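The lines below spell out each chain.
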Amino acid sequence: MSRIGKKPIAIPKGVTINVDGTAIDVKGPKGQMRQSLPPGVIAAVEENQLLAKKSSDDRQLDKFHGLARSLMNNAVLGVTDGWKRELDIVGVGYRAELKGKQIVLALGYSHPVVYDIPNGIEVAVEKQTHITVTGVDRQLVGQVAANLRRLRKPDPYQQKGVRYTGEILKKKAGKTGA
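Residues numbered from 1 in each chain as written. Predicted model: local features only at pLDDT ≥ 70, side-chain atom pairs only at ≥ 80, totals over all residues. Heavy atoms only, no water.

Peer 1: What is the right way to read the sheet that holds strand β2 (residues 16-20) from this model?
Peer 2: Note: strands within a sheet are paired through backbone hydrogen bonds, in either parallel or antiparallel orientation. Spatial strand order, β2-β3-β4: 3 strands in an open sheet with antiparallel pairing. At either margin of the open sheet sits one strand with a lone partner, and together these are β2 and β4 (31-36). Going from strand to strand, the sheet's axes swing by 15° on average, the running direction of each strand aside. Direction of pairing for β2 relative to strand β3 (residues 23-28): antiparallel, over a ladder of 5 bridges. Each bridged residue has a counterpart across the sheet, and for Val-19 the counterpart in β3 is Ile-24. Strand contacts of helix α2 (residues 62-80): β2, β3 and β4, with the helix running at about 175° to β4, the strand carrying the most contacts. (Pairing = 2+ DSSP bridges. Helix = DSSP H or I, 4+ residues; strand = E, 2+ residues; numbered from the N terminus. Axes fitted to C-alpha atoms, helices over the stretch in contact; angles between N-to-C directions. Contact = heavy atoms within 4.5 Å.)

As structure tokens, this is what we get:
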């Protein structure tokens, strides 16, 4: 049995959880979200704690037990504190601008790159070179940050591009004259 799957999740004050078969609905001060569960795992609320239980003792379900508990914990933490990813834009003339539900990025291409912000995600642009992505769904926050980074990955030679805050790049040497 999974060690992580056995750990109960404490339900903070102000958070309500509804369990309906293959999914849980979590509501909290930051928002609400619905988290579906892997097959063979059931959620249960007991004594102000959320538990992940296997539906049978089949060994094949062990791999989903810890996953289900982690997904439920991420949902609870998301509606109480929220999730955040920060990106830095490095390069001469590289910048970002927020226009409604879109981010317009100048990343050294011949045209500005426009990225539509999905529902449930908030994006803040500070100093034109620092982007903060926040939301209640950890997977969606990480995916939006990865999509923004993919628009211009950091270059190992010149160190330019969109990178996560605190990301360390290994600088490569350029060509040497022969």
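Additional details are given in the paragraphs that follow.
Peer 1: Looking at this model, I keep getting lost on the nonpolar core. Mind explaining?
Peer 2: Within soluble globular proteins, side chains that are nonpolar generally end up buried alongside one another. Formed by 21 residues in total, the largest nonpolar core has its most connected members in Leu-87, Ile-89, Leu-105, Ile-131, Val-133 and Leu-148. Elements that contribute at least two residues to this core include exactly β7 (83-90), β9 (102-106), β10 (113-116), β11 (121-126), β12 (130-135), α3 (138-150) and β13 (161-164). It is α3 that contributes the most residues to this core, 4 residues altogether. If sequence neighbours within four positions are ignored, Ile-89 has contacts with Tyr-94, Arg-95, Ala-96, Leu-105, Leu-107, Gln-128, Thr-129, Ile-131, Gly-161 and Val-162. Val-41, Leu-50, Ala-68 and Met-72 belong to the second largest nonpolar core, which has 18 residues in total. (Core = buried A, V, L, I, M, F, W, Y, C linked by side-chain atoms within 4.5 Å. Buried < 20%, exposed > 50% of the residue type's maximum accessible area, 1.4 Å probe, protein only.)

Peer 1: Help me understand the sheet that holds β11 in this model?
Peer 2: Pairing in this open sheet of 4 strands is antiparallel, and the strands run β11-β12-β7-β13 from one edge to the other. The open sheet has two edge strands with one neighbour each: β11 and β13. Taking the axes of each pair of neighbouring strands and ignoring which way they run, one obtains an average angle of 25° across the sheet. Two strands pair when backbone bridges link them, and β11 and β12 are joined in this way by 6 bridges, in the antiparallel orientation. Counterpart to Glu-122 in the pairing with β12 is Thr-134. Here α3 sits on the sheet in contact with β7, β11, β12 and β13, set at roughly 5° to β7.

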